[in-house]
Amino acid sequence: MPKDYYEILGVKKGASREEIKRAYRKLAHEHHPDKKSGDEKKFKEINEAYQILGDEQKRQQYDRFGQTFSGGEGQRGFGGFDFSGFEENFGADFGDIFEDFLGGLGGFGSSRSRRQNRGSDMSLGIDISFKESVFGGRRSVIIEKSKKCEICKGSGAESDSQLKKCETCGGVGTVRETRRSLFGSFTSLSECSHCRGRGEVPEKICRHCRGAGILKKQETIDIDIPAGIRDGEAVKLTGLGEEIAKGPAGDLYVRIHVLPHHIFRREGFDILMDLYLPLTKMLLGGEETVETLDGKTLVAIPELSKSGDFLRLRGKGVFKGRGGRSASPAGRGDLLIRMLLKLPRKLSQEAKKLLSSLEKEGI
C-alpha cells in the first residue's frame, strides 16, 4: 500500500512549501536517532516524505500517480529511497539538522579548521572615577598571560637545534579523525597535539619553555581611557591578549565601570547636579559659588527662582568626541544645576517674627 507522505508529516494535501518545511524540521528534531527518544525508522520515513513533498516536481508526480519516477538504483541513498537532488533542494535544512545533532563534524568543513590560528582573547574589568570618565586618563594593570618564549622565540627548540618533520601528523600540523554516523562517514581535522600545529618538532627542546614555545608571565599593560567613556563600555587593546608560539596574539578587552559621584550624575553628554539654596537667595537672587569638574565657578541666581528650576553652564559637561582635555568647549555637553529650596531645621524667635511679617505681605 502506498505511503501517505502528507499524513507522515502531519500536514494537509494543500499545505504550502513553508508549512511542509516547518513540519519536517519539527519532526526530524523530535525523532532523530541521536536523541534518547529518537526513532531511526520514523526518522527515515520523515526524510523520505520531505524529499518528495518538498520538491515541486516530485510532489506533482506523487499527487497525480501516488508515486514518483526518478533515476535508477545507483542513485538511491540509505534506507532504500532516492536522495538525488536532495542537497540541491534542501541543503540548508539538512545542514541545520547536522549542526544541531552532530555537533559540526568536519565532513562539510569544520569552523575550527576555517578559523585563523591566533591567541585567545582576554578580558578584565577596572573601576574609574566619574571625573576620569569625563576627561579620560591612563591606568596601568598587571595581568598574567601566555607570552612567547624570549629564548627560543616561540620555536620550542634550543638555539643549536635543528627542526624535523613531525611524525605524528606528517608535517602538516593537523590530524584527521573519521567518525561514522547514520548519514555516513565524516572526517574532521584537529590540531596535532605533538607538534601543536607547527608540523615540525625540535631535535632538542628549549630548556626555558620545555618545548612549548610559550610561558605564563606577568605583564604591565597601560590602558588609555578615552574622554567621555560610558559605564559598561569596553576598550579594545589589539594584540595584547594571549600569545601563541606561531601566529598573531589575541586581543585584550577592558570593561569600564564608572563609580558613582556624590554630587554629579550623567544624562547623555550633560552632567546634572543639585544646588540647595536658602529661601532668601531663591527670592532675592544673587551669586553662589559652585564646585564643578573644571573647578569652582560663580553662578548668578535669578530673582524669584522656583525650587526645581535649572541653571545651565555651557561646555561644562561630558566630551562628545575622544579629544580629551584638548577638545573645545563646543565639543562638550552642559552642566545643568537644579536649584532646590533648603529649609532650616529650627527657627529662632526673631526668624519667626520676620516670617510672620512676610506672611502679612502674602509671601
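Residues numbered from 1 in each chain as written. Predicted model: local features only at pLDDT ≥ 70, side-chain atom pairs only at ≥ 80, totals over all residues. Heavy atoms only, no water.

Draft legend 1. Quick peek at the overall build of the chain. Scanning the chain from N- to C-terminus turns up nine helices and 15 strands. Sequence separation of 24 or more characterises 64% of the internal contacts of the chain that already satisfy a separation of 6 or more. Accessible area of the chain: about 22700 Å², with a carbon and sulfur share of 48%. (Helix = DSSP H or I, 4+ residues; strand = E, 2+ residues; numbered from the N terminus. Contact = heavy atoms within 4.5 Å. Areas by Shrake-Rupley, 256 points an atom, 1.4 Å probe, with all protein chains shown as cover.)

Draft legend 2. Representation of the packing of aromatic side chains. A complete count under the given rule lists five aromatic pairs for this structure. Aromatic side chains Tyr 24 and Tyr 50 sit 3.9 Å apart centroid to centroid with 10° between the ring planes, which places their arrangement in the stacked category. One end of the pair, Tyr 24, is in helix α2 (residues 17-31); the other, Tyr 50, is in helix α3 (residues 40-53), and 26 residues separate them in sequence. The exposure class assigned to Tyr 50 is buried, which follows from its relative accessible area of 1%. Centroid distance Phe 135 to Phe 319: 5.7 Å. Interplanar angle 65°. Geometry classified as edge-to-face. With a gap of 184 residues between them, Phe 135 in helix α7 (residues 130-135) and Phe 319 in the loop between β14 (310-313) and β15 (335-341) connect regions that are remote in the sequence. Taking the relative accessible area as the measure of exposure, Phe 135 reaches 7% and is therefore buried. (Phe/Tyr/Trp six-rings, centres within 6.5 Å; stacked < 30°, edge-to-face > 60°. Buried < 20%, exposed > 50% of the residue type's maximum accessible area, 1.4 Å probe, protein only.)

Draft legend 3. Up close: the confidence of the model for the chain. On average, residues of the chain score 80 in pLDDT, and 82% of them are at 70 or above. For the stretch residues 323-329, pLDDT sits under 50, and the model shows seven contacts to residues farther than four places along the chain or on other chains. (pLDDT = per-residue confidence, 0-100.)

Draft legend 4. Focus on the pairing of strand β11 (residues 270-277). One ladder, built from three bridges, connects strand β10 (residues 265-267) with β11; its direction is antiparallel. By the bridge assignment, Arg 266 is partnered in β11 with Ile 271. In this structure, the hairpin formed by β10 and β11 is closed by a connection of two residues, where Gly 268 is found at a positive phi of approximately 65°. (Pairing = 2+ DSSP bridges.)

Draft legend 5. Structural detail: the packing of α2 against α3. Taken N-terminus to C-terminus, the directions of α2 and α3 make an angle of 165°; their axes are 9 Å apart at the nearest point. Classed by the angle they form, the pair α2 and α3 counts as roughly antiparallel. The chirality of how α2 crosses α3 is left-handed. Where α2 abuts α3, its residues Ile 20, Lys 21, Tyr 24, Leu 27, Ala 28 and His 31 lie against Lys 42, Phe 43, Ile 46, Asn 47, Tyr 50 and Leu 53. Taken together, the residues that form the contact of α2 with α3 break down as eight nonpolar, two polar and two charged. (Axes fitted to C-alpha atoms, helices over the stretch in contact; angles between N-to-C directions. Parallel < 35°, antiparallel > 145°, perpendicular 65-115°, else oblique. Left-handed = near helix turned anticlockwise from the far one by under 90°. Nonpolar A, V, L, I, M, F, W, Y, C, P; charged D, E, K, R; others polar.)

Draft legend 6. The arrangement of the environment of Glu 233 in detail. Within the secondary structure, Glu 233 is located in the loop between β7 (214-225) and β8 (234-237). The sequence separation of Glu 233 and Val 254 amounts to 21 residues, and the corresponding C-alpha distance is 8.4 Å. A distance of 2.9 Å separates a polar side-chain atom of Glu 233 from the backbone nitrogen of Arg 230. (Polar contact = N/O pair within 3.5 Å; in protein donor to acceptor, adjacent residues only side chain to side chain.)

Draft legend 7. Structural context of α3. Relative to the 20 Å expected for 14 residues at 1.5 Å per residue, α3 spans 20 Å between its end C-alpha atoms, a close match to the ideal helical length. Among the residues of α3, the N-terminal cap falls to Asp 39, whose side-chain oxygen and the backbone nitrogen of Lys 41 are separated by 3.1 Å. (Expected span 1.5 Å × (residues − 1).)

Draft legend 8. Main features of the nonpolar core. Ranked by size, the top nonpolar core spans 37 residues in total, and within it Ile 126, Val 254 and Ile 337 carry the most contacts. Ignoring anything within four residues of it in the chain, the contact list for Val 254 reads Leu 124, Ile 126, Ile 223, Glu 233, Ala 234, Val 235 and Leu 237. Membership of the second largest hydrophobic core comes to 18 residues, among which are Ala 23, Leu 27, Ile 52 and Tyr 62. (Core = buried A, V, L, I, M, F, W, Y, C linked by side-chain atoms within 4.5 Å.)

Draft legend 9. Structural view of the sheet that holds β14. Strand order in the open sheet formed by four strands is β10-β11-β15-β14, and the pairing between neighbours is mixed. Each end of this open sheet is capped by a strand with a single partner; those strands are β10 and β14. Strand-to-strand twist in this sheet, taken as the mean axis angle between neighbours without regard to direction, amounts to 35°.

Draft legend 10. The arrangement of unusual backbone geometry in detail. You will see that Lys 153, though not glycine, has its phi angle at about 60°, which is positive. Position of Lys 153 relative to the elements: it lies in the loop between β2 (137-148) and β3 (163-165). Despite not being glycine, Leu 304 has its phi angle at roughly 60°, a positive value. Here Leu 304 lies in the loop between β13 (295-301) and β14.

Draft legend 11. Quick peek at the side chain of Lys 147. Turning to its location among the elements, Lys 147 is positioned in strand β2. Given the relative accessible area of 19%, Lys 147 is considered buried. Among the polar contacts listed, one links the side chain of Lys 147 to the side chain of Glu 243, at a separation of 3.2 Å. Once residues lying within four places of it in the same chain are set aside, the contact partners of Lys 147 are Gly 213, Ile 214, Leu 215, Lys 217, Glu 219 and Glu 243.

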